[in-house]
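# Coordinates in review
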Amino acid sequence: MTQFLRVAWIVMRKDLTVEVRSREILYTTVFFAASCVLVFAFALVREGRPMEDAAAGILWIAIAFAGTLALGRTFERERQTETLRALMLAPSDRPAIYVGKLLGILLLLGVVELVLVPMVALLFNAPFGASLGWLIALLAGGTLGFVSVGTLFAAMLVRARSRDVLLPVLLYPITIPIIIAGVRGTVALLQAVPDEPMARFWAALLVFFDVVFVTLALWTFEPLMTE
Amino acid sequence: MSVDFDCVTVDNLSRNFGRRRALNRVNLTCRAGEIVGLLGPNGAGKSTLLAILSTLLTPSSGEVRYGSVTAIASGAALRGSLGLLGHDLYLYPELTARENLEFFTRLYGCPDVSAVVDAALGRAMLRERADDLVSGFSRGMRQRLALERALLHQPRLLLLDEPFTGLDDASGQALVARLRGLRDDGRIVLVATHDLDLAEGLLDRVAILRDGRLWMAESSSASLRERYRDAVAVARA
Amino acid sequence: MARAFTPLAVLAMLLFAIAPFYVASAPDEQTMGLIQRVFYYHVPSAMLLFLSAFVCGIGSAVFLFKRSAAADRVAVAAGELAVAFGLIVLITGPMWARKAWGVWWQWDARLTSSLLLWMMFVAYLLVRRYGGPGSEKLSAAMAIFGMANVPFVYVSVNFWRTIHPNTNVVMTLGSGMRGPFWFCAASFLLLYVLLLTLRRRLEEQRASVEQLYLALDD
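Each helix and strand in chain A was counted, giving eight helices and two strands. Counting from the amino terminus, chain A carries its helices and strands in the arrangement α-α-β-β-α-α-α-α-α-α. Its C-alpha radius of gyration of 18 Å places chain A within 12% of the 17 Å reference for a compact globule of 227 residues. If you line up chain A on its principal axes, its C-alpha atoms span 55 × 30 × 30 Å.

As a further point, take the overall build of chain C. Secondary structure assignment for chain C yields six helices and zero strands. The helix and strand sequence of chain C, counted from the amino end, reads α-α-α-α-α-α. Structurally, chain C occupies a C-alpha span of about 70 × 45 × 25 Å along its principal axes. By the burial criterion, 35% of the 218 residues in chain C qualify as buried. Excluding contacts between residues fewer than 6 apart, the proportion of contacts in chain C whose partners are at least 24 apart in sequence is 77%.

To continue, consider the interface of chain A and chain C. At the interface, 25 residues of chain A touch 28 residues of chain C. Top element by residues in the side of chain A that touches chain C is helix H7 (residues 163-189) of chain A. It accounts for ten residues. Here the residues of the side of chain A that touches chain C are counted per class, giving 19 nonpolar, two polar and four charged.

Our focus in this paragraph is the packing of helix H2 (residues 39-66) of chain C against helix H3 (residues 69-101) of chain C. Residue and element names in this part refer to chain C. For the pair H2 and H3, interaxial distance at closest approach is 7 Å and the crossing angle is 155 degrees. Comparing the axis directions of H2 and H3 gives the class roughly antiparallel. When you trace H2 past H3, the crossing you get is left-handed. Residues belonging to the contact of H2 with H3 are distributed by class as follows: 20 nonpolar, nine polar and two charged.

What follows is about the pairing of strand S6 (residues 82-85) of chain B. Residues and elements named next belong to chain B. Burial of S6 is two-sided: the residues Leu82 and Leu84 facing one way and the residues Gly83 and Leu85 facing the other way are all buried. Note: S6 against strand S7 (residues 157-161), four bridges, orientation parallel. What sits directly across from Leu85, in S7, is Leu160.

Take the sheet that holds strand S3 (residues 34-39) of chain B next. All names here are of chain B. The sheet built from six strands is open, its strands ordered S6-S7-S8-S3-S9-S10 with mixed pairing. In this open sheet, the two strands that pair with only one neighbour each are S6 and strand S10 (213-219). Across this sheet, the average inter-strand angle for adjacent strands is 15 degrees, counted without regard to direction. Where S7 and strand S8 (residues 188-193) come together, five bridges link them in parallel fashion. Bridging across to S8, Leu158 finds its partner in Val189. Strand contacts of helix H5 (residues 139-151): S6 and S7, with the helix running at about 165 degrees to S6, the strand carrying the most contacts.

A few words now on the pairing of strand S4 (residues 61-66) of chain B. All names here are of chain B. Inspection of the sheet shows strand S1 (residues 7-17) paired to S4 by five bridges, in the antiparallel sense. Of the residues in S4, the one forming a bridge with Val8 is Tyr66. Direction of pairing for S4 relative to strand S5 (residues 69-70): antiparallel, over a ladder of two bridges. Looking at the pairing, Arg65 lines up with Thr70 of S5. Between S4 and S5, which pair antiparallel and follow one another directly, the connecting turn spans two residues, one of which, Gly67, has a positive phi of 75 degrees.

Here we take up the nonpolar core. Core analysis: the biggest nonpolar cluster contains 204 residues, and Leu59(A), Ala62(A), Leu170(A) and Met142(C) have the highest contact counts within it. Examining the composition of this core, we find that 15 residues originate from one element, H7(A), more than from any other. If near-sequence neighbours (up to four positions away) are discounted, Met142(C) is found in contact with Leu170(A), Met120(C), Ala123(C), Tyr124(C) and Val127(C).

Glancing now at the interface of chain B and chain C. Every contact between the two is made by six residues of chain B and, on the other side, five residues of chain C. Counting only elements with at least two residues in the side of chain B that touches chain C, the list comes to S1 and strand S2 (20-31) of chain B. Partitioned by chemical class, the residues of the side of chain B that touches chain C number one nonpolar, three polar and two charged.

Here we take up the sheet that holds S2(B). Read across the sheet, four strands follow the order S2-S1-S4-S5 (chain B) without closing on themselves; strand pairing throughout is antiparallel. Edge positions in the sheet fall to S2 and S5 of chain B, since each of these pairs with one other strand and no more.

Attention now moves to H3(C). Each turn of an α-helix holds 3.6 residues, which means side chains three or four residues apart point in the same direction. The end-to-end C-alpha distance of H3(C) is 47 Å, a good match for the 48 Å that 33 residues give at a rise of 1.5 Å each. Where H3(C) terminates, the next one or two residues include Gly102(C), which has phi positive at roughly 85 degrees.

Turning to the packing of helix H6 (residues 132-157) of chain A against helix H8 (residues 196-225) of chain A, a few remarks are in order. Residue and element names in this part refer to chain A. In contact at an axis separation of 8 Å, H6 and H8 are set at 20 degrees when each is read in the N-to-C sense. Comparing the axis directions of H6 and H8 gives the class roughly parallel. Where H6 crosses over H8, the two elements pack in a sense that is left-handed. When the residues that make up the contact of H6 with H8 are grouped by side-chain class, the tally is 20 nonpolar, five polar and two charged.

If you check the backbone angles, Gln154(B) has positive phi at about 50 degrees while not being a glycine. For Trp107(C), which is not glycine, the phi torsion reads 55 degrees and is therefore positive. Exposure remark for Trp107(C): the 14 C-beta atoms within 10 Å place this residue in the partly exposed category.

Bringing the confidence of the model for chain C into the picture now. On average, residues of chain C carry a pLDDT of 86, and 91% of them reach 70 or more. Here the prediction assigns the complex a pTM of 0.91, and the interface score ipTM is 0.91.

Residue and element names in this part refer to chain C. The topology assignment puts Ala12 in helix H1 (residues 2-25). Spatially, the C-alpha atoms of Ala12 and Asn158 are 35 Å apart, while their sequence positions differ by 146 residues. Those residues in contact with Ala12 that sit more than four places away from it in its chain are Ser187, Leu190, Leu191 and Leu194.

Now for the environment of Phe103(B). Looking at where Phe103(B) falls in the secondary structure, it is placed in helix H3 (residues 97-107). In this structure, the C-alpha to C-alpha distance between Phe103(B) and Ser14(B), residues 89 residues apart in sequence, is 35 Å. Excluding residues within four positions of it along the chain, Phe103(B) makes contact with Ile10(A), Lys14(A) and Leu95(B).

Moving on, we get to helix H1 (residues 2-22) of chain A. Residue and element names in this part refer to chain A. When the terminal C-alpha atoms of H1 are compared, their 30 Å separation across 21 residues agrees well with the 30 Å that a helix rising 1.5 Å per residue should span. Along H1, the residues that are buried comprise Val7, Ala8, Ile10, Val11, Lys14, Asp15, Val18 and Glu19. Projected down its long axis, H1 carries its buried residues within an arc of 160 degrees, all on one side. The outward face of H1, more than 90 degrees from its buried face, is lined by the exposed residues Thr2, Leu5 and Val20.

With that settled, the discussion passes to the environment of Val155(C). By the secondary structure assignment, Val155(C) is in helix H5 (residues 135-161). Through-space distance from the C-alpha of Val155(C) to that of Ser25(C) is 37 Å; in sequence the pair is 130 residues apart.

How each quantity is defined
Residues numbered from 1 in each chain as written. Chains lettered and ligands numbered in written order. Predicted model: local features only at pLDDT ≥ 70, side-chain atom pairs only at ≥ 80, totals over all residues. Helix = DSSP H or I, 4+ residues; strand = E, 2+ residues; numbered from the N terminus. Rg over C-alpha atoms; globule rule 2.2 N^0.38 Å. Buried ≥ 20, exposed ≤ 12 C-beta atoms within 10 Å, placed from the backbone. Contact = placed C-beta atoms within 7 Å. Nonpolar A, V, L, I, M, F, W, Y, C, P; charged D, E, K, R; others polar. Axes fitted to C-alpha atoms, helices over the stretch in contact; angles between N-to-C directions. Parallel < 35°, antiparallel > 145°, perpendicular 65-115°, else oblique. Left-handed = near helix turned anticlockwise from the far one by under 90°. Pairing = 2+ DSSP bridges. Core = buried A, V, L, I, M, F, W, Y, C linked by C-beta atoms within 7 Å. Expected span 1.5 Å × (residues − 1). pLDDT = per-residue confidence, 0-100. Arc of directions from axis to C-beta.

Take a look at the structure:
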């Protein structure tokens, strides 16, 4: 077990080192997410007033789109140097590599969300601060679910044709429950009186989702990655 | 903790990709303390064979035994005894030479990381450039670094796919010397190459592949060049 | 099984020849009129959509973990049938909805869940077709994840939906309706088994052709 965590930690640290040095994926993803928010704002705001629940919806859509981009770019980098093969050659449990990559991308998206949430709060006058704890729980659960499935799919698509378009094609249908749970939970928190039991329900659903799909991903990673 | 063995046996190995047979019932045995050359024209199946030997690909039929055990039976520990230097060098261009080696040393679980990395940098003759990003290295420098990366964990079986590509004379000779040293150390070295000049001096045995089949496998000798030409000519006919 | 195929196919044809008459003889539903009878085809198709999703998911799991090519053949057959029967559900559903509620699509919880499930299996077929070599494994992953997702889709869409008031979709089966309903359900199930077998056999024959090509090289 410690061996497993040690390898995951090493892979994550390497990813973070590479990213910190160039910051390419971080900057482009943050900017892309911000652009998304603006595009949707123009689509959904009428006469200066956003449609009901728009803030929550826009936040989660931006996270989903930005997440897909970050996943694609991270694995494209590994593909260009074929270093994913080098990782597969290591004498460690291969799912540890999956966990390492997952943690790296999770951290990256966490930073993106640190920018997105205040931005959405500002532009849409959304009182996110009211139940910050539950909001963080929803964001953490939802992002983990999204990235856990996304990391597996992006990794297995590295050797596939049409991988750029196939990642969203595969990822979005599976992660729709996450979007539903995230948006509904966030909307509940944005009510005049935050509906915490509702938010708790959706957060619980997200936790279940995470447990099931992380387990499934750990289980299927090795057979999927070996030809 | 890693698995050790003194010979690798390829037993009736076949591998298909859809309708194409990349390898067709190949039989080959390589023992410790020898350098075996894998020769053949492009598309003969050399890279596929190396990929299967390194456990990156699974056979369609037949098996590979390391000592007396197959890859599946040995599990992850087997990979601690295998080293692969592929076409793509498996180096992170955004990291320095030192960081690349440190990462792989830690990944492979080698104790005493800084000593191992330092020794590897020395052998690769890259001590002065250790803290420069790999993206700035020439092909030869990357090749030397990649070779040391493949050897960090002191694998019993070393697989090299076209290692002489892009190397100048001096680097090529240095690589030959290094491989001889490894052979004398009791390792099994399998080299896929096109380069007959270097091959003649280096190889103990030669296996010639064409169209996925093993054409012949025997000791290297002076007439290698002619026999290789014959084998390839027949392939084209 | 091969021997039984032709007589069963004939039986299926007979059943489907009788079905419309049986359905016509069922009692009228109070408010809906003729369109209500689409229910007799809609619900069995939905049941088959879910059945296919599970067959595909389980077949894919066996393929991925036991490397059984036969399981993969069953999976792809089930995947295609999921898309086919799902299409029937998604066409007949709005036909009903238009008459019942005046709109083609009302985000009804069950129809929406069916749409999501259908999309997952369309994605399954897309990745299989366009993923290049090795796409069988990629699509297997999609099928497994899709199958695992069914309860989450169901719960999330249902709770998403209850925020808005919705009309009751569940019809209680009047006594006169049970006969035709189960008759149609049985006919559809028989048709499903036959189609699955046919499609699986087609894949098997394709695999044999591949083997023959390979044997040429020997």
